[in-house]
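Close look at the chain arrangement
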Amino acid sequence: MSAFDIGASDDRAPAPAPYRRIAVVGAGSWGTALAIIAAKAGRGVTLWARRDDHARALREDGRNARYLPDVNLPDSIRVTSNLAIAVEDADAILMVVPSSAVRETAKKLAELIPATTPVILAAKGIEPGSGLLMSDVAAEELHGNPMGALSGPNFAGEAAAGHPTACTIASDCGELFDTAPAETVAARMAVAMGTESFRPYISDDLPGVEVGGALKNVIAIACGIATGAGFGANTRAALITRGLDEMKRLAEPLGGRRETVTGLAGVGDLTLTCSSEASRNMSFGLQLGQGIKREDTFDGKPVVVEGDRNALSVTDLARKHGVHLPICEAVRGILHEGHAVSDAFAMLWGRPIEGEPRALVELEIGHPHARRARWHFEEILS
Ligand SMILES: NC(=O)C1=CN([C@@H]2O[C@H](COP(=O)(O)OP(=O)(O)OC[C@H]3O[C@@H](n4cnc5c(N)ncnc54)[C@H](OP(=O)(O)O)[C@@H]3O)[C@@H](O)[C@H]2O)C=CC1
Ligand SMILES: O=C(CO)COP(=O)(O)O
(Lines give C-alpha, C1' and ligand atoms only; values in the text may rest on other atoms or scores of the structure.)
(Ligands and ions follow the chains in the order given, each with its own letter.)
Protein backbone atom coordinates (compact mmCIF):
# COMPACT_ATOMS: atom_id res chain seq x y z
CA MET A 1 0.00 0.00 0.00
CA SER A 2 1.31 3.46 -0.86
CA ALA A 3 1.93 6.00 1.88
CA PHE A 4 -1.01 7.95 0.50
CA ASP A 5 -3.80 5.39 0.34
CA ILE A 6 -5.90 7.49 2.66
CA GLY A 7 -9.28 6.04 3.44
CA ALA A 8 -9.02 3.58 0.58
CA SER A 9 -10.25 0.65 2.65
CA ASP A 10 -13.18 0.15 5.01
CA ASP A 11 -11.16 0.97 8.10
CA ARG A 12 -10.86 4.58 7.03
CA ALA A 13 -7.86 6.57 8.11
CA PRO A 14 -8.57 9.78 10.00
CA ALA A 15 -8.99 12.82 7.77
CA PRO A 16 -5.80 14.86 7.45
CA ALA A 17 -5.74 18.03 9.54
CA PRO A 18 -5.44 20.93 7.09
CA TYR A 19 -2.76 23.55 7.63
CA ARG A 20 -4.73 26.51 8.94
CA ARG A 21 -2.40 29.43 8.32
CA ILE A 22 -0.55 29.55 5.03
CA ALA A 23 2.13 32.03 4.00
CA VAL A 24 2.40 32.44 0.24
CA VAL A 25 5.88 33.70 -0.54
CA GLY A 26 5.88 35.37 -3.95
CA ALA A 27 3.18 37.64 -5.34
CA GLY A 28 3.42 37.02 -9.07
CA SER A 29 0.53 35.48 -10.99
CA TRP A 30 0.78 31.98 -9.50
CA GLY A 31 1.48 33.12 -5.93
CA THR A 32 -1.51 35.46 -6.06
CA ALA A 33 -3.72 32.74 -7.54
CA LEU A 34 -2.70 30.23 -4.87
CA ALA A 35 -3.30 32.82 -2.14
CA ILE A 36 -6.81 33.41 -3.51
CA ILE A 37 -7.50 29.67 -3.67
CA ALA A 38 -6.21 29.08 -0.12
CA ALA A 39 -8.34 31.95 1.19
CA LYS A 40 -11.40 30.53 -0.58
CA ALA A 41 -10.58 27.19 1.03
CA GLY A 42 -10.95 28.92 4.39
CA ARG A 43 -7.29 29.27 5.34
CA GLY A 44 -5.71 32.27 6.99
CA VAL A 45 -3.45 33.57 4.21
CA THR A 46 -0.56 36.00 4.17
CA LEU A 47 0.83 36.97 0.77
CA TRP A 48 4.40 38.25 0.58
CA ALA A 49 5.48 40.59 -2.22
CA ARG A 50 9.16 41.46 -2.36
CA ARG A 51 8.65 45.16 -3.14
CA ASP A 52 6.93 47.63 -0.79
CA ASP A 53 5.21 49.43 -3.65
CA HIS A 54 3.84 46.18 -5.01
CA ALA A 55 2.48 45.13 -1.61
CA ARG A 56 0.90 48.57 -1.18
CA ALA A 57 -0.69 48.42 -4.64
CA LEU A 58 -2.11 44.98 -3.91
CA ARG A 59 -3.69 46.27 -0.69
CA GLU A 60 -5.01 49.48 -2.24
CA ASP A 61 -6.32 47.94 -5.48
CA GLY A 62 -7.67 44.77 -3.88
CA ARG A 63 -6.15 42.87 -6.82
CA ASN A 64 -2.80 42.21 -8.46
CA ALA A 65 -3.03 44.67 -11.33
CA ARG A 66 0.34 43.68 -12.79
CA TYR A 67 0.22 39.90 -12.65
CA LEU A 68 -3.41 38.80 -12.18
CA PRO A 69 -5.63 41.76 -13.01
CA ASP A 70 -8.94 39.96 -13.53
CA VAL A 71 -9.47 38.40 -10.10
CA ASN A 72 -10.06 40.30 -6.86
CA LEU A 73 -8.23 39.38 -3.68
CA PRO A 74 -10.53 38.22 -0.89
CA ASP A 75 -10.46 40.76 1.97
CA SER A 76 -9.17 38.10 4.34
CA ILE A 77 -5.73 37.93 2.64
CA ARG A 78 -3.06 39.93 4.45
CA VAL A 79 -0.46 41.39 2.09
CA THR A 80 2.98 42.41 3.28
CA SER A 81 6.49 43.02 1.98
CA ASN A 82 7.93 42.06 5.36
CA LEU A 83 8.94 38.41 5.11
CA ALA A 84 9.20 37.98 8.87
CA ILE A 85 5.61 39.16 9.32
CA ALA A 86 4.45 37.03 6.38
CA VAL A 87 5.74 33.78 7.85
CA GLU A 88 5.21 34.34 11.58
CA ASP A 89 2.72 31.77 12.88
CA ALA A 90 2.49 30.09 9.45
CA ASP A 91 1.67 26.37 9.63
CA ALA A 92 3.02 25.93 6.10
CA ILE A 93 4.85 28.00 3.50
CA LEU A 94 4.01 27.95 -0.20
CA MET A 95 7.07 29.25 -2.03
CA VAL A 96 5.98 30.68 -5.38
CA VAL A 97 8.94 32.64 -6.70
CA PRO A 98 10.65 31.90 -10.04
CA SER A 99 13.13 29.01 -9.92
CA SER A 100 16.03 31.48 -10.16
CA ALA A 101 14.94 33.00 -6.82
CA VAL A 102 14.33 29.81 -4.84
CA ARG A 103 17.77 29.57 -3.23
CA GLU A 104 17.97 33.19 -2.08
CA THR A 105 14.38 33.07 -0.81
CA ALA A 106 14.99 29.82 1.09
CA LYS A 107 18.10 31.40 2.63
CA LYS A 108 15.99 34.27 3.94
CA LEU A 109 13.31 31.88 5.20
CA ALA A 110 15.90 29.83 7.06
CA GLU A 111 16.43 32.73 9.43
CA LEU A 112 12.73 33.15 10.09
CA ILE A 113 11.00 29.77 10.35
CA PRO A 114 11.48 26.78 12.64
CA ALA A 115 12.72 23.48 11.21
CA THR A 116 9.26 21.99 11.67
CA THR A 117 7.48 24.30 9.23
CA PRO A 118 6.80 22.54 5.93
CA VAL A 119 7.83 24.34 2.75
CA ILE A 120 5.99 23.51 -0.46
CA LEU A 121 7.60 24.62 -3.73
CA ALA A 122 5.57 25.75 -6.72
CA ALA A 123 8.51 26.86 -8.89
CA LYS A 124 9.26 24.66 -11.89
CA GLY A 125 12.87 24.09 -12.78
CA ILE A 126 16.30 22.62 -12.14
CA GLU A 127 19.06 24.78 -10.71
CA PRO A 128 21.93 25.47 -13.12
CA GLY A 129 25.27 24.24 -11.83
CA SER A 130 24.02 22.08 -8.97
CA GLY A 131 21.45 20.24 -11.10
CA LEU A 132 19.16 20.17 -8.08
CA LEU A 133 15.38 20.02 -8.13
CA MET A 134 13.69 22.99 -6.47
CA SER A 135 12.82 21.19 -3.24
CA ASP A 136 16.45 20.08 -2.93
CA VAL A 137 17.70 23.62 -3.53
CA ALA A 138 15.43 24.94 -0.77
CA ALA A 139 16.30 22.02 1.51
CA GLU A 140 20.00 22.87 1.24
CA GLU A 141 19.29 26.31 2.72
CA LEU A 142 16.72 25.25 5.33
CA HIS A 143 17.14 23.16 8.47
CA GLY A 144 15.64 19.81 7.58
CA ASN A 145 12.15 21.27 7.12
CA PRO A 146 9.63 18.88 5.59
CA MET A 147 9.51 19.62 1.87
CA GLY A 148 6.81 19.32 -0.75
CA ALA A 149 5.89 20.47 -4.25
CA LEU A 150 2.66 21.64 -5.84
CA SER A 151 2.55 21.15 -9.59
CA GLY A 152 0.24 20.37 -12.48
CA PRO A 153 -1.64 21.88 -15.42
CA ASN A 154 -2.50 25.19 -13.80
CA PHE A 155 -2.70 28.52 -15.59
CA ALA A 156 -2.91 31.03 -12.75
CA GLY A 157 -5.74 33.09 -14.24
CA GLU A 158 -8.01 30.11 -14.82
CA ALA A 159 -7.36 28.56 -11.42
CA ALA A 160 -7.98 31.87 -9.62
CA ALA A 161 -11.16 32.47 -11.60
CA GLY A 162 -12.53 29.14 -10.38
CA HIS A 163 -12.32 27.04 -13.52
CA PRO A 164 -12.23 23.34 -12.59
CA THR A 165 -8.54 22.72 -11.99
CA ALA A 166 -6.51 19.81 -10.63
CA CYS A 167 -2.96 19.66 -9.33
CA THR A 168 -0.61 17.23 -7.63
CA ILE A 169 0.89 17.92 -4.23
CA ALA A 170 3.87 15.71 -3.42
CA SER A 171 5.95 15.21 -0.32
CA ASP A 172 8.30 12.50 0.78
CA CYS A 173 7.81 12.68 4.53
CA GLY A 174 5.68 9.55 4.57
CA GLU A 175 8.51 7.39 3.34
CA LEU A 176 11.32 9.17 5.15
CA PHE A 177 9.87 9.38 8.61
CA ASP A 178 7.21 6.70 8.47
CA THR A 179 4.56 9.36 8.96
CA ALA A 180 0.96 8.21 9.09
CA PRO A 181 -0.56 8.88 5.65
CA ALA A 182 -2.99 11.51 6.92
CA GLU A 183 -0.17 13.43 8.58
CA THR A 184 2.02 13.81 5.51
CA VAL A 185 2.72 17.27 4.18
CA ALA A 186 1.05 16.39 0.88
CA ALA A 187 -2.17 15.22 2.53
CA ARG A 188 -2.41 18.15 4.95
CA MET A 189 -1.66 20.65 2.19
CA ALA A 190 -4.13 19.01 -0.19
CA VAL A 191 -6.92 19.29 2.36
CA ALA A 192 -5.87 22.86 3.12
CA MET A 193 -5.94 23.97 -0.54
CA GLY A 194 -8.89 22.02 -1.91
CA THR A 195 -11.98 24.00 -2.92
CA GLU A 196 -15.06 23.19 -5.00
CA SER A 197 -13.03 23.98 -8.13
CA PHE A 198 -9.41 23.33 -7.12
CA ARG A 199 -8.79 19.63 -6.68
CA PRO A 200 -5.40 18.49 -5.41
CA TYR A 201 -4.20 14.91 -5.78
CA ILE A 202 -1.44 13.63 -3.51
CA SER A 203 1.79 11.84 -4.27
CA ASP A 204 4.79 10.51 -2.42
CA ASP A 205 7.02 10.87 -5.48
CA LEU A 206 8.53 14.32 -5.02
CA PRO A 207 11.28 13.97 -7.68
CA GLY A 208 8.85 12.49 -10.20
CA VAL A 209 6.50 15.44 -9.76
CA GLU A 210 9.28 18.03 -9.94
CA VAL A 211 10.92 16.53 -13.03
CA GLY A 212 7.63 16.83 -14.92
CA GLY A 213 7.36 20.53 -14.09
CA ALA A 214 10.95 21.25 -15.08
CA LEU A 215 10.90 19.47 -18.45
CA LYS A 216 7.48 20.47 -19.70
CA ASN A 217 8.58 24.08 -20.11
CA VAL A 218 11.48 23.09 -22.36
CA ILE A 219 9.25 20.85 -24.47
CA ALA A 220 6.67 23.67 -24.66
CA ILE A 221 9.34 25.93 -26.13
CA ALA A 222 10.04 23.23 -28.73
CA CYS A 223 6.33 23.09 -29.59
CA GLY A 224 6.19 26.87 -29.83
CA ILE A 225 9.22 27.02 -32.11
CA ALA A 226 7.77 24.31 -34.34
CA THR A 227 4.40 26.06 -34.59
CA GLY A 228 5.95 29.49 -35.13
CA ALA A 229 8.20 28.13 -37.86
CA GLY A 230 5.22 26.67 -39.69
CA PHE A 231 5.06 23.01 -38.74
CA GLY A 232 1.62 21.67 -37.92
CA ALA A 233 -0.26 19.47 -35.48
CA ASN A 234 1.65 16.29 -36.39
CA THR A 235 4.89 17.83 -35.22
CA ARG A 236 3.39 19.10 -31.98
CA ALA A 237 1.83 15.73 -31.14
CA ALA A 238 5.15 13.99 -31.79
CA LEU A 239 7.03 16.47 -29.59
CA ILE A 240 4.52 16.09 -26.74
CA THR A 241 4.62 12.30 -26.86
CA ARG A 242 8.36 11.97 -27.18
CA GLY A 243 8.78 14.79 -24.65
CA LEU A 244 6.87 12.65 -22.18
CA ASP A 245 9.37 9.89 -22.77
CA GLU A 246 12.20 12.31 -21.97
CA MET A 247 10.51 13.13 -18.66
CA LYS A 248 10.29 9.43 -17.81
CA ARG A 249 13.94 8.87 -18.69
CA LEU A 250 15.17 11.67 -16.44
CA ALA A 251 12.77 10.90 -13.58
CA GLU A 252 14.31 7.48 -12.95
CA PRO A 253 17.93 8.44 -12.15
CA LEU A 254 16.63 11.23 -9.91
CA GLY A 255 14.67 8.73 -7.83
CA GLY A 256 11.28 9.40 -9.44
CA ARG A 257 8.85 6.87 -10.87
CA ARG A 258 7.92 6.63 -14.52
CA GLU A 259 4.20 6.36 -13.72
CA THR A 260 4.23 9.69 -11.85
CA VAL A 261 5.06 11.34 -15.14
CA THR A 262 1.81 10.03 -16.61
CA GLY A 263 -0.09 12.10 -14.02
CA LEU A 264 -1.10 15.76 -13.74
CA ALA A 265 2.40 17.07 -13.05
CA GLY A 266 3.76 15.27 -16.13
CA VAL A 267 1.47 14.59 -19.04
CA GLY A 268 -1.17 16.99 -17.68
CA ASP A 269 1.12 19.99 -17.53
CA LEU A 270 2.91 18.99 -20.72
CA THR A 271 -0.32 18.94 -22.74
CA LEU A 272 -1.55 22.19 -21.25
CA THR A 273 1.66 24.09 -21.78
CA CYS A 274 2.41 22.74 -25.24
CA SER A 275 -1.08 23.43 -26.56
CA SER A 276 -1.81 26.99 -25.52
CA GLU A 277 -0.36 30.36 -26.32
CA ALA A 278 -1.39 31.36 -22.80
CA SER A 279 1.81 29.57 -21.81
CA ARG A 280 4.77 31.91 -21.65
CA ASN A 281 7.10 29.09 -22.65
CA MET A 282 5.02 28.07 -25.66
CA SER A 283 4.56 31.71 -26.62
CA PHE A 284 8.30 32.44 -26.29
CA GLY A 285 9.07 29.54 -28.62
CA LEU A 286 6.33 30.63 -31.01
CA GLN A 287 7.83 34.11 -31.33
CA LEU A 288 11.33 32.71 -31.88
CA GLY A 289 9.96 30.32 -34.49
CA GLN A 290 8.38 33.29 -36.25
CA GLY A 291 11.81 34.87 -36.47
CA ILE A 292 11.43 37.43 -33.68
CA LYS A 293 14.74 38.09 -31.93
CA ARG A 294 15.05 36.86 -28.36
CA GLU A 295 15.38 40.41 -26.99
CA ASP A 296 12.21 41.52 -28.81
CA THR A 297 9.98 38.69 -27.58
CA PHE A 298 7.01 39.86 -25.44
CA ASP A 299 7.66 43.37 -26.88
CA GLY A 300 10.89 43.47 -24.93
CA LYS A 301 9.15 43.12 -21.53
CA PRO A 302 10.79 40.87 -18.92
CA VAL A 303 8.74 37.68 -18.61
CA VAL A 304 9.43 34.54 -16.59
CA VAL A 305 10.18 31.83 -19.19
CA GLU A 306 11.42 28.97 -17.05
CA GLY A 307 12.23 26.68 -19.98
CA ASP A 308 14.84 29.10 -21.33
CA ARG A 309 17.53 28.66 -18.69
CA ASN A 310 16.19 25.19 -17.90
CA ALA A 311 17.03 24.03 -21.41
CA LEU A 312 20.63 24.27 -20.19
CA SER A 313 20.21 22.92 -16.65
CA VAL A 314 18.01 20.01 -17.73
CA THR A 315 20.38 18.87 -20.47
CA ASP A 316 23.45 19.35 -18.26
CA LEU A 317 21.85 17.17 -15.62
CA ALA A 318 20.73 14.54 -18.12
CA ARG A 319 24.23 14.36 -19.62
CA LYS A 320 25.65 13.87 -16.12
CA HIS A 321 23.36 10.86 -15.71
CA GLY A 322 24.08 9.52 -19.19
CA VAL A 323 20.47 10.11 -20.25
CA HIS A 324 19.82 11.45 -23.75
CA LEU A 325 17.03 14.02 -24.09
CA PRO A 326 16.99 14.83 -27.81
CA ILE A 327 14.15 17.39 -27.76
CA CYS A 328 15.60 19.28 -24.81
CA GLU A 329 19.00 19.15 -26.54
CA ALA A 330 17.45 20.58 -29.71
CA VAL A 331 15.91 23.45 -27.71
CA ARG A 332 19.25 24.08 -26.01
CA GLY A 333 20.91 24.17 -29.43
CA ILE A 334 18.44 26.72 -30.80
CA LEU A 335 18.29 28.95 -27.70
CA HIS A 336 21.86 28.87 -26.51
CA GLU A 337 24.13 27.54 -29.23
CA GLY A 338 22.91 29.35 -32.32
CA HIS A 339 21.49 26.31 -34.14
CA ALA A 340 19.05 26.91 -36.97
CA VAL A 341 15.53 25.52 -36.48
CA SER A 342 15.89 23.39 -39.63
CA ASP A 343 19.16 21.90 -38.32
CA ALA A 344 17.62 21.15 -34.93
CA PHE A 345 14.67 19.35 -36.51
CA ALA A 346 16.97 17.51 -38.90
CA MET A 347 18.92 16.31 -35.87
CA LEU A 348 15.70 15.15 -34.19
CA TRP A 349 14.07 13.51 -37.17
CA GLY A 350 17.26 12.02 -38.60
CA ARG A 351 18.29 10.16 -35.45
CA PRO A 352 18.63 6.37 -35.58
CA ILE A 353 15.33 4.50 -35.49
CA GLU A 354 14.46 3.31 -31.98
CA GLY A 355 11.98 1.08 -30.22
CA GLU A 356 8.88 2.54 -28.61
CA PRO A 357 8.90 2.17 -25.70
CA ARG A 358 12.65 1.90 -25.69
CA ALA A 359 12.74 -0.36 -22.66
CA LEU A 360 10.77 -3.06 -24.47
CA VAL A 361 12.51 -2.89 -27.83
CA GLU A 362 16.23 -2.41 -27.36
CA LEU A 363 16.84 -1.69 -30.97
CA GLU A 364 18.55 1.20 -32.69
CA ILE A 365 19.15 1.20 -36.42
CA GLY A 366 20.57 3.81 -38.76
CA HIS A 367 18.10 6.24 -40.33
CA PRO A 368 18.25 5.83 -44.11
CA HIS A 369 17.00 9.37 -44.79
CA ALA A 370 18.95 11.20 -42.11
CA ARG A 371 21.29 12.94 -44.54
CA ARG A 372 18.40 14.50 -46.44
CA ALA A 373 16.55 15.78 -43.36
CA ARG A 374 18.44 19.04 -43.05
CA TRP A 375 17.94 20.00 -46.66
CA HIS A 376 14.28 18.97 -46.49
CA PHE A 377 13.45 21.08 -43.41
CA GLU A 378 15.38 24.04 -44.76
CA GLU A 379 13.27 23.89 -47.88
CA ILE A 380 9.85 23.64 -46.24
CA LEU A 381 10.64 26.30 -43.65
CA SER A 382 11.95 28.76 -46.22
N1 LIG B 1 1.77 31.61 -13.75
C2 LIG B 1 1.35 30.36 -13.79
O3 LIG B 1 0.30 30.07 -14.38
C4 LIG B 1 2.13 29.28 -13.11
C5 LIG B 1 3.43 29.47 -12.69
N6 LIG B 1 4.11 28.45 -12.09
C7 LIG B 1 5.48 28.63 -11.63
O8 LIG B 1 5.50 29.55 -10.55
C9 LIG B 1 6.77 30.21 -10.50
C10 LIG B 1 6.51 31.70 -10.36
O11 LIG B 1 5.96 32.13 -11.58
P12 LIG B 1 4.83 33.21 -11.76
O13 LIG B 1 4.09 33.51 -10.51
O14 LIG B 1 4.04 32.82 -12.93
O15 LIG B 1 5.74 34.46 -12.16
P16 LIG B 1 5.30 35.94 -12.47
O17 LIG B 1 6.13 36.41 -13.60
O18 LIG B 1 3.84 36.05 -12.60
O19 LIG B 1 5.76 36.71 -11.17
C20 LIG B 1 7.08 36.61 -10.70
C21 LIG B 1 7.06 36.99 -9.24
O22 LIG B 1 8.29 36.60 -8.66
C23 LIG B 1 8.85 37.75 -8.04
N24 LIG B 1 10.29 37.66 -8.04
C25 LIG B 1 11.13 37.76 -9.10
N26 LIG B 1 12.39 37.63 -8.69
C27 LIG B 1 12.34 37.47 -7.36
C28 LIG B 1 13.33 37.31 -6.36
N29 LIG B 1 14.62 37.29 -6.68
N30 LIG B 1 12.93 37.17 -5.08
C31 LIG B 1 11.64 37.17 -4.77
N32 LIG B 1 10.64 37.33 -5.66
C33 LIG B 1 11.00 37.47 -6.94
C34 LIG B 1 8.33 38.91 -8.85
O35 LIG B 1 8.44 40.09 -8.09
P36 LIG B 1 8.61 41.53 -8.80
O37 LIG B 1 7.27 41.89 -9.34
O38 LIG B 1 9.05 42.38 -7.67
O39 LIG B 1 9.64 41.39 -9.89
C40 LIG B 1 6.90 38.49 -9.04
O41 LIG B 1 6.14 38.71 -7.91
C42 LIG B 1 7.51 29.81 -11.78
O43 LIG B 1 8.45 28.82 -11.49
C44 LIG B 1 6.41 29.24 -12.67
O45 LIG B 1 6.90 28.25 -13.55
C46 LIG B 1 3.54 27.25 -11.87
C47 LIG B 1 2.25 27.01 -12.25
C48 LIG B 1 1.45 28.01 -12.90
O1 LIG C 1 3.28 26.13 -15.45
C2 LIG C 1 2.35 26.64 -16.03
C3 LIG C 1 1.06 25.97 -16.21
O4 LIG C 1 0.99 24.80 -15.47
C5 LIG C 1 2.51 27.99 -16.62
O6 LIG C 1 3.18 27.83 -17.82
P7 LIG C 1 4.05 29.02 -18.41
O8 LIG C 1 5.10 29.33 -17.38
O9 LIG C 1 4.60 28.52 -19.68
O10 LIG C 1 3.13 30.18 -18.61
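Everything numeric in this text was worked out from a predicted model, so none of it was measured.

This part takes up the domain arrangement of the protein. Split into domains, the protein comes out as domain 1 (21–204) and domain 2 (208–381). For domain 1 and domain 2, the distance between their C-alpha centroids amounts to 28 Å. Between domain 1 and domain 2, the contact holds 22 residues from the first and 26 residues from the second. A class-by-class count of the residues in the side of domain 1 that touches domain 2 yields 12 nonpolar, eight polar and two charged.

The subject of this paragraph is the pairing of strand β2 (residues 44–48). Side-chain direction in a regular strand flips from residue to residue, so the side chains alternate between the two faces of the sheet. Most of β2 is tucked away: four of the five residues are buried. Inspection of the sheet shows strand β1 (residues 21–25) paired to β2 by five bridges, in the parallel sense. Bridging from a neighbouring strand, Val25 pairs with Trp48 of β2. Handedness of the crossover joining β1 and β2 through helix α1 (residues 29–40): right-handed. For β2 and strand β5 (residues 78–80), the ladder comprises three bridges, and the chain directions are parallel. Residue pairing across strands places Thr46 opposite Arg78, the latter belonging to β5.

So, about the site of ligand 2. The immediate surroundings of ligand 2 are formed by 13 residues, with Asn154, Asp269, Ser279, Arg280 and Asn281 found nearest. Of all the secondary-structure elements, those providing two or more residues to the shell around ligand 2 are α9 (206–229), α11 (264–275) and α12 (280–289). Ranked by residues supplied to the shell around ligand 2, first place goes to α11 with three residues. For the shell around ligand 2, the per-class residue count stands at four nonpolar, five polar and four charged. Split by domain, the residues of the shell around ligand 2 number at least three in each of domain 1 (21–204) and domain 2 (208–381).

Conventions used here
Residues numbered from 1 in each chain as written. Chains lettered and ligands numbered in written order. Predicted model: local features only at pLDDT ≥ 70, side-chain atom pairs only at ≥ 80, totals over all residues. Domains from an automatic or database assignment. Contact = placed C-beta atoms within 7 Å. Nonpolar A, V, L, I, M, F, W, Y, C, P; charged D, E, K, R; others polar. Buried ≥ 20, exposed ≤ 12 C-beta atoms within 10 Å, placed from the backbone. Helix = DSSP H or I, 4+ residues; strand = E, 2+ residues; numbered from the N terminus. Pairing = 2+ DSSP bridges. Right-handed = clockwise from strand over helix to strand, strands pointing away. Near = placed C-beta within 6 Å.

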